[in-house]
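A closer look at the structure
If you want the building blocks of each chain, they are given just below.
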Amino acid sequence: KDHNIQVRQIAVKMGYKLSEYGLFDGKDRRIAGSDEESVYGKLGMDYIEPEMREGRGEIELAQKHKLPKLVRLEDIKGDLHTHTNYSGDSSNDIDDLIREAIRLGRKYIGLTDHTKSEYVARGMNDKQFESYFKVVDKAAERYEGKIVILKSAEIDILKDGSLDLSRKTLDEMDYRLCAVHTNRNMSREEMTKRITTALDSGYVDILAHPTGRLINERGPIDIDIDKVFEAAKRNGVIMEINSFPSRLDLNDENIMKAREYGLKFSLGTDAHRLSHLEFMKFGVGMARRGWLESKDVINTSSPGEIRKILKR
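Description of the structure in this document. (Residues numbered from 1 in each chain as written. Predicted model: local features only at pLDDT ≥ 70, side-chain atom pairs only at ≥ 80, totals over all residues. Heavy atoms only, no water.)

1. Observations concerning unusual backbone geometry
Negative phi is the rule for most residues except glycine; trans is the rule for most peptide bonds. Selection criterion: Helix and strand definitions here come from DSSP, where helices need a minimum of 4 consecutive H or I residues and strands a minimum of 2 consecutive E residues; each element is numbered from the N-terminal end. A 1.4 Å probe rolled over the protein chains alone gives each residue an accessible area, and that area as a share of the maximum for its type sets the label: buried under 20%, exposed over 50%, partly exposed in between.
The omega torsion of the bond from D249 to L250 falls at 15°, within 30 degrees of zero and hence cis. Within the fold, L250 resides in the loop between β10 (238-242) and α9 (252-260). In this structure, N183 is a non-glycine residue whose phi angle is positive, near 50°. With respect to the helices, strands and loops of the structure, N183 is situated in the loop between β8 (177-179) and α7 (188-199). According to the relative accessible area criterion, N183 is partly exposed, its value standing at 40%. At N216, a residue that is not glycine, the phi angle is positive and equals roughly 65°. Its place among the elements puts N216 in the loop between β9 (206-207) and α8 (225-235).

2. Topic: the sheet that holds strand β6 (residues 148-151)
Worth spelling out the cut-off: We treat two strands as partners when DSSP finds at least two bridges between them. Under this scheme, a helix contributes an axis fitted over its contacting stretch, all axes are lines through C-alpha atoms, and angles between N-to-C directions fall in the 0 to 180 degree range. Any two residues whose heavy atoms approach within 4.5 Å are treated as being in contact.
Here three strands make up an open sheet; going across it, the order is β4-β5-β6 and the pairing parallel. Edge positions in the open sheet fall to β4 (78-82) and β6, since each of these has one partner strand only. Strand-to-strand twist in this sheet, taken as the mean axis angle between neighbours without regard to direction, amounts to 15°. In the packing of helix α4 (residues 94-103) onto the sheet, contacts are made with β4, β5 (108-111) and β6, and the angle to β5 comes to roughly 150°. Taken strand by strand, helix α5 (residues 126-142) contacts β5 and β6, and its axis lies near 170° from that of β6.

3. A word on the pairing of strand β11 (residues 265-268)
Rules: Look down the strands so they point away from you; if going from the first strand over the helix to the second traces a clockwise path, that crossover is right-handed.
Because side chains alternate across β11, one face comprises the buried residues F265 and L267, and the other comprises S266 and G268, equally buried. Bridge count between β10 and β11: four bridges; the pairing is parallel. Paired with M239 across the two strands is F265, which belongs to β11. Between the parallel elements β10 and β11, the chain passes through α9 in a crossover that is right-handed.

4. Here's the deal with empty space enclosed by the protein
It is a probe the size of a water molecule, rolled over the atoms, that shows where empty space is left. Convention followed: Space inside and on the surface of the protein is sampled on a 1 Å grid over the protein atoms alone, with a cavity defined as a set of points where a 1.4 Å probe fits but cannot get out and a pocket as an open set with protein on both sides within 12 Å along at least 5 of 7 lines; lining residues have an atom within 4 Å of a point. Grid points are joined across faces, edges and corners, and a volume is the space filled by probe spheres set on the points. Three classes are used, and their members are as follows: Ala, Val, Leu, Ile, Met, Phe, Trp, Tyr, Cys and Pro are nonpolar, Asp, Glu, Lys and Arg are charged, and the others, Gly among them, are polar.
Summed over the entire model, instances satisfying the criterion amount to one cavity of 30 Å³ or more. The calculated volume of the largest cavity comes to roughly 30 Å³. Forming the boundary of the largest cavity are A179, V180, I195, L207, A208, H209, P210, T211, G212 and I221. Of the residues that constitute the lining of the largest cavity, the class distribution is seven nonpolar, three polar and no charged.

5. Here's the deal with the nonpolar core
Quick reminder of the rule: The term nonpolar core refers to a set of buried residues drawn from Ala, Val, Leu, Ile, Met, Phe, Trp, Tyr and Cys, joined through side-chain atoms within 4.5 Å.
The biggest cluster of nonpolar side chains holds 60 residues, and the ones touching the most others in it are I149, L163, I195, L199 and M239. In this view, L163 contacts I155, D156, I157, L158, L170, C178, A198, S201, Y203 and V204; residues no more than four positions away in its chain are not counted. Formed by 18 residues, the second largest nonpolar core is a distinct cluster that contains V7, L18, L43 and M52.

6. Focus: the layout of surface pockets
Reported here for the largest pocket is a volume of approximately 360 Å³. Lining of the largest pocket is provided by 16 residues; of these, N4, L18, S19, E36 and V39 occupy positions nearest its centre. Of all the secondary-structure elements, those providing two or more residues to the lining of the largest pocket are α1 (2-13), β1 (17-19) and α2 (36-42). Here the lining of the largest pocket takes four residues from α1, the largest share from any one element.

7. Concerning the side chain of N235
Under the convention used in this document: The term polar contact refers here to a pair of N or O atoms within 3.5 Å; inside protein, the definition further demands a hydrogen-donor-capable atom paired with an acceptor-capable atom, and it admits residues adjacent in sequence only when both atoms are side-chain atoms.
Assignment of secondary structure puts N235 in helix α8. Polar contacts involving the side chain of N235 include one to the main-chain carbonyl oxygen of L199, which spans 3.3 Å.

8. Side note on the environment of K295
Along the polypeptide, K295 turns up in the loop between α10 (280-289) and α11 (303-310). Here K295 falls in the exposed class, since its relative accessible area comes to 61%. Through-space distance from the C-alpha of K295 to that of K134 is 33 Å; in sequence the pair is 161 residues apart.

9. Structural notes on the sheet that holds strand β3 (residues 30-32)
The three strands lie next to each other as β1-β2-β3, forming an open sheet whose pairing is antiparallel. Two strands close off the open sheet at either side, each with one partner strand: β1 and β3. Direction aside, neighbouring strands of the sheet carry axes that sit 40° apart on average. Relative to strand β2 (residues 22-24), β1 runs antiparallel, the two sharing three bridges. Residue S19 lies in a different strand from β2, and its bridge partner there is G22.

Okay, structure coming up:
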């Protein structure tokens with residue numbers, strides 16, 4: 001609404017009238033409107049992508065020809081948050097998951113099963129991950145040349161800010177995807193300290209679904225998001241945009257705020273079924289709503305580049 005009002009005001013100042021039928025001059029002749037590009041062009045603006053039309057300054061950028069070139073689904077080369085049936089939290093057989101990722105054109109995939117504190121998800125302990133990583137290594141050999149398989153886990157950030165696995169196990173991973181799942185009702189100060197302590201540990205590469213919201217089910221955890229972003233910046237931690245439809249977390253406003261801190265972002269489908277790998281489009285949609293370009297999203301990197309980015 002705000003965007004449309006501002007665009008119509010510009011039209012009026014130029015002596016035009018803008019409606020859903022097109023752009024008209026003073027003699028009621030339609031001078032633009034066969035497509036949206038022609039309307040913006042006639043009003044002296046670059047075309048503004050639909051996801052940006054919120055009245056957040058995009059019109060001024062369009063007038064100055066300085067709009068960001070938003071990331072696209074076809075720019076995405078890999079998925080950094082998926083689950084297998086090895087721990088029982090998913091119906092995805094490892095081979096089936098990998099083959100589906102290859103079919104979708106992914107160049108790499110991160111396997112991120114849950115750790116032991118996530119009882120509901122049948123999370124694994126250090127010994128189980130040791131066995132699991134051997135299975136993953138064999139899968140990597142089988143699919144060499146077709147896709148790069150990255151070893152990781154969705155690691156619980158415990159109540160005191162420590163992580164749910166030993167350092168030995170964490171060191172064996174290609175990257176560490178960490179998240180809050182339990183004790184969600186801590187105070188704002190306690191929860192913020194919990195997360196920033198984890199980020200300051202040097203063992204968090206990606207903070208998964210940072211606010212923990214579930215759309216129409218529960219609200220976000222109570223945190224000082226600025227302090228979390230500050231901790232992420234000083235430790236080079238990447239913010240996840242979780243593509244699962246009930247999460248979409250970070251949301252657009254927090255993406256824009258994190259972007260002001262100079263943070264990078266990762267996209268993950270959080271797939272628990274093969275069909276969930278197609279959820280990447282929703283994560284891309286959120287990234288676009290947050291004005292992100294390809295350079296802001298690490299999943300646009302090649303397999304060789306992604307290893308360098310994640311292995312700090």
